[in-house]
Structure formats: C-alpha cells, structure tokens
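# Residue-level structural notes
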Amino acid sequence: MPRTELSVAQTRDGVWTVNERGPSRVAIAYFPSKWGAMKHAVRVARAKRRCRVAVLAPDGAVRLSRDYDTPEPDVETP
C-alpha cells in the first residue's frame, strides 16, 4: 500500500504550510504558527494507515521525519 507524505515547512513570509501528497489526494494547508501546522500534520498522519511526516529546513532538506503505521483493525498486534 502506498504511503502518504506530509511535509511541514515555513514559507519566506513566515507562514507555515502542510503539504499532503498521497496516491489519491494532493492538498495544502496554511497556518500562522509551527505548532498549529505540526498539530494538523500529526492528526492527519494518525488518521491514515501509512504516513510519513517530514519537517523541512528553509533550503528544502529534511530536518526530521517520522513514520506513522496504523495496523488494520482486525489484526491483533502483540
């Protein structure tokens, strides 16, 4: 199953963006603070089955990333 990618970055004018790229969806959301953008990104990531959240530096390099993998509801994990 393909993974959805979420990237959190700050624009030149100080606005924070969350870009979502998935197999069937492309979306962008704008936030006045980094906290709001991160909260939104984590909320979206937890709702998806497989997702990666990456925080980007101003030059576009990945500062940090985290994978969120939610098992299927009928599969029991030890």
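Reference entry: report on the structure contained in this document. (Residues numbered from 1 in each chain as written. Predicted model: local features only at pLDDT ≥ 70, side-chain atom pairs only at ≥ 80, totals over all residues. Heavy atoms only, no water.)

### Here we look at the nonpolar core
Nonpolar side chains tend toward joint burial in soluble globular proteins. Core analysis: the largest hydrophobic core is formed by twelve residues, namely Leu6, Val8, Trp16, Val18, Phe31, Ala37, Ala41, Val44, Ala45, Cys51, Val53 and Tyr68. Broken down by secondary-structure element, the contributors of at least two residues to this core are β1 (4-10), β2 (16-21), α1 (34-47) and β4 (50-56). Here Ala45 is in contact with Leu6, Cys51, Val53 and Tyr68, once residues within four sequence places are set aside. (Core = buried A, V, L, I, M, F, W, Y, C linked by side-chain atoms within 4.5 Å. Buried < 20%, exposed > 50% of the residue type's maximum accessible area, 1.4 Å probe, protein only. Helix = DSSP H or I, 4+ residues; strand = E, 2+ residues; numbered from the N terminus. Contact = heavy atoms within 4.5 Å.)

### Quick word on the environment of Gly14
Inspection of the secondary structure assignment puts Gly14 in the loop between β1 and β2. Gly14 sits in the partly exposed class, given a relative accessible area of 28%. Note: C-alpha distance between Gly14 and Ser33 (19 residues apart in sequence) is 8.5 Å.

### Quick look at the pairing of β1
Counting buried positions along β1 gives five out of seven residues, so the element sits mostly inside the fold. Two elements, β1 and β4, share five bridges in a ladder whose sense is parallel. For Leu6, the partnering residue across the bridge sits in β4 and is Val53. Pairing analysis gives six bridges linking β1 to β2, with the strands arranged antiparallel. Looking across to β2, one finds that Gln10 is bridged to Trp16. Counted along the chain from β1 to the antiparallel partner β2, the turn is five residues long, and its residue Gly14 has a positive phi close to 95 degrees. (Pairing = 2+ DSSP bridges.)

### Some details on the environment of Arg3
Mapped onto the secondary structure, Arg3 falls in the segment before β1. For Arg3, a relative accessible area of 25% corresponds to the partly exposed category. Here the alpha-carbon distance between Arg3 and Pro23, two residues 20 residues apart in the chain, equals 7.7 Å. If sequence neighbours within four positions are ignored, Arg3 has contacts with Arg21, Arg50, Cys51, Arg52 and Asp67.

So yeah, pure geometry; function would need other evidence.
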